[in-house]
Amino acid sequence: MRQTWRWFGPKDIVPLSAVRQAGAQGIVTALHHVPTGSDWTLEEIRKRQDLVSGAGSAPTGLSWDVVESLPVSEDIKRQTGAWREHIASYKRSMAALAQAGIQTICYNFMPVLDWTRTDLRYRVAHGGEAMRFDLVDFAAFDLFVLARPAAQEDYGPAIKEAAAARHAAMSEDDRKQLAANLTAGLPGAADGWSLDGVREQLALYDHISPDRLRQHLVDFLSEVVPDAEKLGLRLCCHPDDPPFPLLGLPRIVSTEADYRFMLDAVDSPANGVTLCSGSLGVRPDNDLPGMAERLGPRIHFVHLRNIRRQEPVDGLRRSFFEDEHLAGETDMVATIAALQTEEARRRAEGRTDWEIPMRPDHGQDILDDIGRGGQPGYPAIGRLKGLAELRGIMTALAHPLHLARA
């Protein structure tokens with residue numbers, strides 16, 4: 001697999017020189033400064049490519065390999081407002097990326113919230129820090145801070161009782177910090193947190209059921225996939241994170257069955273999967289090695305990380321934290337083996353996209369990462385450790401002795 005690294009652009013505190021020293025071959029990035037629904041111009045794309053490669057200065061040895069993400073607007077997800085104009089803009093952005101030679105585009109279809117965690121600096125046993133989703137903290141926010149009217153119907157008695165006690169024990173600062181953590185994935189959240197803003201966003205989805213949102217995804221793909229296929233692009237949908245409903249919002253990309261539905265609905269090689277072992281691994285009914293095998297021909301991008309499931313559990317929902325890459329619930333060796341088998345199959349078929357880009361997703365803050373104030377989940381040393389471990393598995397599995405025994 002091609003080893004890549006997510007980089008957030010010029011403001012990222014992890015410099016490209018450090019990325020290269022970590023052993024990454026390519027960069028995963030996006031034009032975060034371009035508003036959602038607006039065109040990514042060839043000029044702006046070229047600027048980012050030059051920055052990544054070090055063109056005109058000191059060559060970095062890196063290239064921009066994957067777009068993560070070319071965002072899908074809330075208007076497109078709801079099919080409201082300027083959604084048709086946003087789809088037209090999406091197509092123009094795809095054409096500009098293709099002209100620049102970038103072929104892999106990751107996106108997600110999560111309404112309102114992107115990734116969701118209650119604690120961005122959870123202390124783990126060895127003293128490092130990780131991101132965590134605490135179901136009781138989340139319910140306390142939903143029931144008593146946000147005070148969403150329908151929240152009382154969404155939790156069992158034990159969770160509601162625990163959430164009430166947790167909320168009562170929180171200081172006002174604790175409640176504000178919890179809210180800030182949870183709204184980190186909200187559009188515009190960087191400009192300041194507002195409970196009313198969250199409520200307004202949620203209200204726009206009041207009448208959108210999972211089936212309706214699923215149809216909106218198919219409608220979006222029906223529009224953009226034919227263009228992607230003509231342009232030689234690969235679109236890959238990232239799963240829901242975490243893979244269960246939150247705040248009454250539908251989640252429609254959480255299981256293998258969800259992926260199979262969207263792949264069959266718009267059946268094209270350009271319509272594919274971002275296999276995120278961390279997001280999908282939260283659900284015990286998701287078999288990651290099996291999914292890597294069965295969805296293999298349509299996997300265009302891979303995020304490798306691991307999680308540790310925790311109590312309490314309430315239906316599909318559960319607490320969890322981001323474990324070390326080779327710890328946690330997912331059998332990382334079996335998952336990587338399935339992906340490398342898929343690469344070998346593609347090579348035998350003569351596919352030009354036989355090498356699947358992967359990145360070490362997230363990472364625990366360790367050593368000098370702690371206290372640096374980096375992007376949550378994206379430390380330098382923690383990801384370097386993860387990439388080194390994953391590279392070790394990939395190297396061992398590709399060794400002739402292992403292949404002979406297999």
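Above this text sits the structure in question.
Note that residues are indexed from 1 along each chain, following the sequence as it is written. Where totals are concerned, whole chains, interfaces and linings use all residues; where local detail is concerned, this predicted model gives features only for residues with pLDDT of at least 70, and gives and counts side-chain atom pairs only at 80 or more. Side-chain measures here rest on the full set of heavy atoms in the structure, leaving out hydrogens and waters.

### Considering the overall build of the chain
Argument step 1. Only DSSP runs of H or I with at least four residues qualify as helices, and only runs of E with at least two residues qualify as strands; both kinds are numbered from the N terminus onward. Within the chain, the regular secondary structure consists of 15 helices and 12 strands.
Argument step 2. For the radius of gyration, the atoms used are the C-alpha atoms, and the globule rule reads 2.2 Å times the number of residues raised to 0.38. Against the 2.2 N^0.38 benchmark of 22 Å for 406 residues, the chain shows a C-alpha radius of gyration of 21 Å, consistent with a compact globule.
Argument step 3. For every residue, the accessible area (1.4 Å probe, protein chains only) is compared with the maximum for its type, and the residue is labelled buried under 20%, exposed over 50%, or partly exposed between those bounds. Across the 406 residues of the chain, 55% fall into the buried class.
Argument step 4. Within the chain, contacts between residues at least 6 apart in sequence are counted, and of these 71% link residues at least 24 apart.
Argument step 5. On the chain, roughly 16,800 Å² of surface is accessible, and the fraction owed to carbon and sulfur atoms is 52%.
Argument step 6. Positive charges are assigned to Lys and Arg, negative charges to Asp and Glu, while His and the chain termini are left out of the count. Lys charges are placed at NZ, Arg charges at CZ, Asp charges at CG and Glu charges at CD. Between the averaged position of the 46 positive side-chain charges in the chain and that of its 57 negative side-chain charges there is a distance of 3 Å. Pairs of residues are marked as contacts when any of their non-hydrogen atoms sit within 4.5 Å. Each accessible area value is a Shrake-Rupley result obtained with a 1.4 Å probe; residue values ignore everything except the protein chains displayed when judging cover.

### Some details on the environment of Asp365
Argument step 1. Within the secondary structure, Asp365 sits in the loop between strand 12 (357-360) and helix 14 (380-398).
Argument step 2. For Asp365, a relative accessible area of 5% translates into the label buried.
Argument step 3. Sequence spacing of Asp365 and Glu161 is 204 residues, and the spatial spacing of their C-alpha atoms is 33 Å.
Argument step 4. In this structure, Asp365 is in contact with Arg121, Gly128, Glu129, Ile370 and Pro379, ignoring residues within four places of it in sequence.
Argument step 5. Side-chain atoms alone can form a polar contact between residues adjacent in sequence; in general such a contact is a pair of N or O atoms within 3.5 Å, and within protein one must be able to donate a hydrogen while the other accepts it. Separated by 2.9 Å, the side chains of Asp365 and Arg121 make a polar contact.

### What to know about the packing of helix 5 (residues 135-145) against helix 6 (residues 157-169)
Packed helices, taken two at a time, are described by the angle their axes make and the gap between the axes.
Argument step 1. As a rule, the C-alpha atoms of each element are fitted with a line to give its axis, helices using only the stretch in contact, and angles between N-to-C directions run from 0 to 180 degrees. One can describe the packing of helix 5 onto helix 6 by two numbers: an axis separation of 8 Å at closest approach and a directional angle of 80 degrees. When the axes of helix 5 and helix 6 are compared, the pair comes out roughly perpendicular. Across the interface between the two elements, Leu135, Val136, Asp137, Ala139, Ala140, Leu143, Phe144 and Val145 of helix 5 pack against Ile159, Lys160, Ala162, Ala163, Ala164, Arg166 and His167 of helix 6.
Argument step 2. The classification used treats Ala, Val, Leu, Ile, Met, Phe, Trp, Tyr, Cys and Pro as nonpolar, Asp, Glu, Lys and Arg as charged, and all other residues, Gly among them, as polar. Here the contact of helix 5 with helix 6 is built from residues that sort into 11 nonpolar, 1 polar and 3 charged. When describing relative orientation, an angle under 35 degrees is termed roughly parallel and one over 145 degrees roughly antiparallel, while 65 to 115 degrees is termed roughly perpendicular and anything else oblique.

### Things to note about the packing of aromatic side chains
Argument step 1. Between 30 and 60 degrees the pair is tilted, below 30 it is stacked and above 60 it is edge-to-face, where a pair is any two Phe, Tyr or Trp rings, Trp via its six-membered ring, whose centres lie within 6.5 Å. This model, assessed by the stated rule, comprises 8 aromatic pairs.
Argument step 2. Ring geometry for Tyr107 versus Phe220: centroids 5.8 Å apart, planes at 65 degrees, classification edge-to-face. Residue Tyr107 is found in strand 4 (residues 104-108), and its partner Phe220 is found in helix 9 (residues 210-231); the two are separated by 113 residues along the sequence. As far as burial versus exposure is concerned, Tyr107 and Phe220 are alike and both buried.
Argument step 3. Here the aromatic residues Tyr90, Tyr107, Phe109 and Phe220 are joined through ring pairs into a cluster of three or more.

### Things to note about helix 8 (residues 195-203)
Argument step 1. Residues Leu195, Val198 and Leu202 constitute the buried set of helix 8. Within helix 8, the buried residues cover an arc of 60 degrees as seen down the axis, which keeps them to one side.
Argument step 2. Where helix 8 is buried, its residues touch helix 5. The arc in question is the one traced by the directions running from the helix axis out to the C-beta atoms.

### Overview of the sheet that holds strand 9 (residues 299-304)
Argument step 1. Read around the barrel, 8 strands follow the order 1-2-3-4-7-8-9-12 and close on themselves; strand pairing throughout is parallel. Recorded for the sheet is a direction-independent mean angle of 30 degrees between the axes of neighbouring strands.
Argument step 2. Here the rule is simple: two strands pair whenever DSSP picks up at least two bridges between them. Sheet topology places strand 7 (residues 234-238) next to strand 8 (residues 271-276); 3 bridges connect them, and they run parallel. Bridging across to strand 8, Cys236 finds its partner in Gly272.
Argument step 3. Of the strands in this sheet, strand 3 (63-68), strand 4 and strand 7 are in contact with helix 4 (residues 83-99), which crosses strand 4 at around 150 degrees.

### Notes on the sheet that holds strand 11 (residues 317-323)
Argument step 1. Strand order in the open sheet made by the 4 strands is 5-6-11-10, with antiparallel pairing throughout. Single-partner strands in this sheet number two, and they are strand 5 (119-123) and strand 10 (306-314). With strand direction ignored, the average angle separating the axes of adjacent strands in the sheet is 30 degrees.
Argument step 2. Of the pairings in the sheet, the one linking strand 10 to strand 11 comprises 7 bridges and is antiparallel in character. In the sheet register, Gln310 faces strand 11, and the bridge partner there is Ser319.

### Some thoughts on the nonpolar core
Argument step 1. Buried Ala, Val, Leu, Ile, Met, Phe, Trp, Tyr and Cys residues that are joined via side-chain atoms within 4.5 Å together make up what is termed a nonpolar core. The biggest cluster of nonpolar side chains holds 103 residues, and the ones touching the most others in it are Trp40, Tyr107, Phe220 and Leu275.
Argument step 2. Here this core gets 8 residues from one element, more than from any other, and that element is helix 9.
Argument step 3. Residues Val66, Cys106, Cys236 and Phe301 belong to the second largest nonpolar core, which totals 5 residues.

### Remarks on the pairing of strand 3
Argument step 1. Among the 6 residues in strand 3, 5 count as buried, and that is most of the element.
Argument step 2. Across 4 bridges, strand 2 (residues 26-29) lies against strand 3 in parallel orientation. What sits directly across from Gly26, in strand 3, is Ser63.
Argument step 3. Handedness of a crossover is defined as follows: with both strands directed away from the viewer, a clockwise route from the first strand across the helix to the second makes it right-handed. Note that the unit made of strand 2, helix 2 (residues 42-53) and strand 3 has a crossover that is right-handed.
Argument step 4. For strand 3 and strand 4, the ladder comprises 3 bridges, and the chain directions are parallel.

### Some points on helix 7 (residues 172-182)
Argument step 1. Along helix 7, the residues that are buried comprise Arg175, Leu178, Ala179, Asn181 and Leu182. One side of helix 7 carries all its buried residues, which in axial view fall inside an arc of 160 degrees.
Argument step 2. Looking at the buried side of helix 7, the elements it contacts are strand 5, helix 5 and helix 6.

### Considerations on the side chain of Ser254
Argument step 1. As for its placement among the helices and strands, Ser254 is situated in the loop between strand 7 and helix 10 (256-265).
Argument step 2. Look at Ser254 and you get buried, because its relative accessible area is 3%.
Argument step 3. In terms of polar contacts, Ser254 uses its side chain to reach the side chain of Asp240, at 2.7 Å.
Argument step 4. Once you skip the residues sitting within four places of it in the chain, Ser254 turns out to touch Asp240, Pro243, Phe244, Leu280, Arg283 and Asn286.

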